[in-house]
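Summary of structural features
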Amino acid sequence: MEANRGGRTFQRFSVNTNESLHFEPCEDTSSSPTGIEHDEDNVFMKEENESEMTSIRNRLQGKVAEMENFAGHLEEIFLTVEENFGRQEQHLEQHYNDVLQTLSQRHSERAAGLLEEKKSKMEALYSQLLSCGQALDASKELIETAQEIYRTPDKRVFLKTVIPIIKRIEMFAKEKVELTLSTKLEFETPPADLSDVKTMMDSINAVPAPSAPVINPQMSNSATQTSLRVCWSLFSDDTVEYYDLYYRPVLEDTPADGFCEPHVSTVKVKETHCTVTDLLPNAQYELWVTATNTTGISPASEKALYMTVPSPPVIKQRECTSCPDAALIRWESGNTNPVDSYTVELSEMDTDGTQSTVTESIVAVPTCQCLIQLLSGRRYLISVRAVNVGGPSDKSDPVYISTSGTFFYFLEETAHPCLAISEDGFTIFYGDEELPISAIALDDSAFTRCVAILGDLIPVRARHYWEVEVDEGTEFRIGVAYEDTERNSYLGVNASSWCMRHILSSSRHKYEFLHNGWSPDLRITVHPVRIGVALDYDRGTLSFFNVNLEQHLHTFQCHFRNYVQPCFSLDNPGSLTVHNAIEAPEYTFI
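Below is a short write-up of the structure. (Residues numbered from 1 in each chain as written. Predicted model: local features only at pLDDT ≥ 70, side-chain atom pairs only at ≥ 80, totals over all residues. Heavy atoms only, no water.)

**A word on the sheet that holds strand 4 (residues 228–233)**
Strand order in the open sheet formed by 3 strands is 3-4-7, and the pairing between neighbours is antiparallel. Because the sheet does not close on itself, it has two edges, and the strands there are strand 3 (214–215) and strand 7 (273–276). In terms of strand pairing, strand 4 meets strand 7 through 4 bridges, oriented antiparallel. The residue bridging Arg 229 from the neighbouring strand is Thr 275, located in strand 7. (Pairing = 2+ DSSP bridges. Helix = DSSP H or I, 4+ residues; strand = E, 2+ residues; numbered from the N terminus.)

If you want it as structure tokens, here you go:
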């Protein structure tokens, strides 16, 4: 988060397990939640130039990513417009071919009809012409025969032959000869039925079916845990009455046969955007859309993937540790699908217990833990959000962190099977009952020989202080050890552990300060009821104190090559209690 605090700009950083730094610019007022002042900000000032360059680089990378996404979206739009143009061109060409084909068919039909009518007329006229010719031939024959009889000189022959001729003439006269045309000379021209051609011509100017819409890429903050806001575009002049948005969850284990594919849901809307509800958190959904008008339905758009925002993470309070300079926050994702990153938000608590109105954020945390730089003697309220492409989740339940002193819990996975841990997590018990062999199912990280357990100290090279209270009749070993110290060895007898040992004899209390099996010859006359342990990475010292007497007992001088963890061992039945989150007394780091 950025805030203007008196014109000063600070860099809040986080450290993951490999100690890489993640910077987020945040501007400070006169009093930030961490209370940083000019004279206390040397570390941040040293990193100012580097952090500014990192911030600029991150912003440029974000802009480049946005431009690449936009270029990809433009390319998709270009291809869609080109596809729509090709479809329209193909549509017009198809209409043109259909009209030509229909006209050609009508022409062929009309030509065939005319040819048939011509043939019929010609046959009728030819038949009538033959009849006329036959009648003329018969008339000519009768005339010629009559003339021959008329010229006959013999009256008796004339009378004998004239009578049949007269009868033939009478019969011929009685025959009716058709002297009108048997067919009309005009051709019939019925009006051509071009209604289908007119319909096709009209359809060219009619509203075509819409082209395929294009779903826009998912924008940030466009989702909640149970909803998605989806937008799309129609890159053409198509008329659309409504859109159908289809969506279904993407399941990683969907069978290849497709018989168990997720159900496809549909939403009908008139706008080019829609909010889909009743979805699963941090789930991926596949979406596509079609456009519909009176002519028909468009092809489906390309399928797009959208994500709902994650569920809030769950802070693992028993695994959170702190010291006067920093705090290590660990959490569980709380989501089945992976998330992109996490954002840690912190605000300082005022002395009256109220929360500050200024919240600082550490963004782009890649893993489920974050090491935060803080100021000593303050109280903070810290929460976590999970982030994916849809946006950030709601805040997790907060955890309260105090930087008055070093605070840690036991690492339960390192505990010997004979140890029991109290409900509050600060006391271990070693009973006198023996465990059966079958009950000792040891983990690789658990102690096997020494009845011991490690503490979960924050990995910060600073000053750490805690106190241990043990029953007077209990033999114990307390100190520090590397996390990979041998589990089948006693504390203090190897090179990876440093400890104070209490041995109870019949005459007195004996104390040893062991490292690699060796202890200096020291005698402690007053049995310490409460022991203070002070670890200083910078000086390379581990010191023990009698808290009640404010008495220094012993100091190991050593250079710790790696981070160490508090270690505790009970050599006989009894209990041991750790007191932490307390301010180190002045005499411990003199």
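Text resumes after the structure shown.
**Here's the deal with unusual backbone geometry**
Even without a glycine there, the phi angle at Asp 278 is positive, about 60 degrees. Residue position: Asp 278 is located in the loop between strand 7 and strand 8 (284–292).

**Considering the side chain of Glu 348**
Looking at where Glu 348 falls in the secondary structure, it is placed in strand 13 (residues 341–348). At 3.4 Å, the side chain of Glu 348 and the side chain of Arg 378 are in polar contact. (Polar contact = N/O pair within 3.5 Å; in protein donor to acceptor, adjacent residues only side chain to side chain.)

**As for the sheet that holds strand 9 (residues 304–307)**
Judged by pairing direction, the sheet is antiparallel, and its 4 strands sit side by side in the order 6-5-8-9 without closing on themselves. The sheet is open, and its two borders are formed by strand 6 (265–269) and strand 9, each paired with just one other strand. Pairwise comparison of adjacent strand axes, ignoring direction, gives a mean angle of 30 degrees for this sheet. Pairing of strand 5 (residues 242–249) with strand 8 involves 8 bridges; the strand directions are antiparallel. Note that in strand 8 the partner of Arg 248 across the bridge is Glu 286. (Axes fitted to C-alpha atoms, helices over the stretch in contact; angles between N-to-C directions.)

**A few points about the packing of aromatic side chains**
One pass over the structure, following the stated rule, counts 16 aromatic pairs. Where Tyr 537 meets Tyr 563, the ring centres are 6.0 Å apart and the plane angle is 80 degrees; that geometry is what we call edge-to-face. Remark: Tyr 563 occurs in the loop between strand 29 (551–557) and strand 30 (564–570) and Tyr 537 occurs in the loop between strand 27 (530–536) and strand 28 (541–546); sequence separation between them is 26 residues. Between Phe 545 and Tyr 587, the ring centres sit 5.4 Å apart and the planes meet at 65 degrees, which makes this aromatic pair edge-to-face. With Phe 545 in strand 28 and Tyr 587 in the segment after strand 31 (574–579), this residue pair connects regions lying 42 residues apart in the sequence. For the pair Phe 545 and Tyr 587, a shared accessibility class is recorded, and that class is buried. Site record: aromatic cluster; members linked through ring pairs are Tyr 482, Trp 498, Tyr 537, Phe 560 and Tyr 563. (Phe/Tyr/Trp six-rings, centres within 6.5 Å; stacked < 30°, edge-to-face > 60°. Buried < 20%, exposed > 50% of the residue type's maximum accessible area, 1.4 Å probe, protein only.)

**A look at the pairing of strand 12 (residues 326–332)**
Most of strand 12 is tucked away, with 6 of its 7 residues classed as buried. As judged from the 2 bridges shared by strand 10 (residues 314–315) and strand 12, these two strands associate in the antiparallel manner. When the sheet's bridge partners are listed, Ile 315 is paired in strand 12 with Trp 331. Bridge analysis of strand 11 (residues 321–323) against strand 12 gives 3 bridges, and the strand direction is antiparallel. Looking at strand 12, one finds that Ser 322 is bridged to Ala 327. If you look at the hairpin formed by strand 11 and strand 12, you'll find 2 residues sitting between the two strands. Examined bridge by bridge, strand 12 and strand 15 (residues 369–373) share 5 bridges and lie antiparallel to one another. Bridging from a neighbouring strand, Arg 330 pairs with Gln 369 of strand 15.

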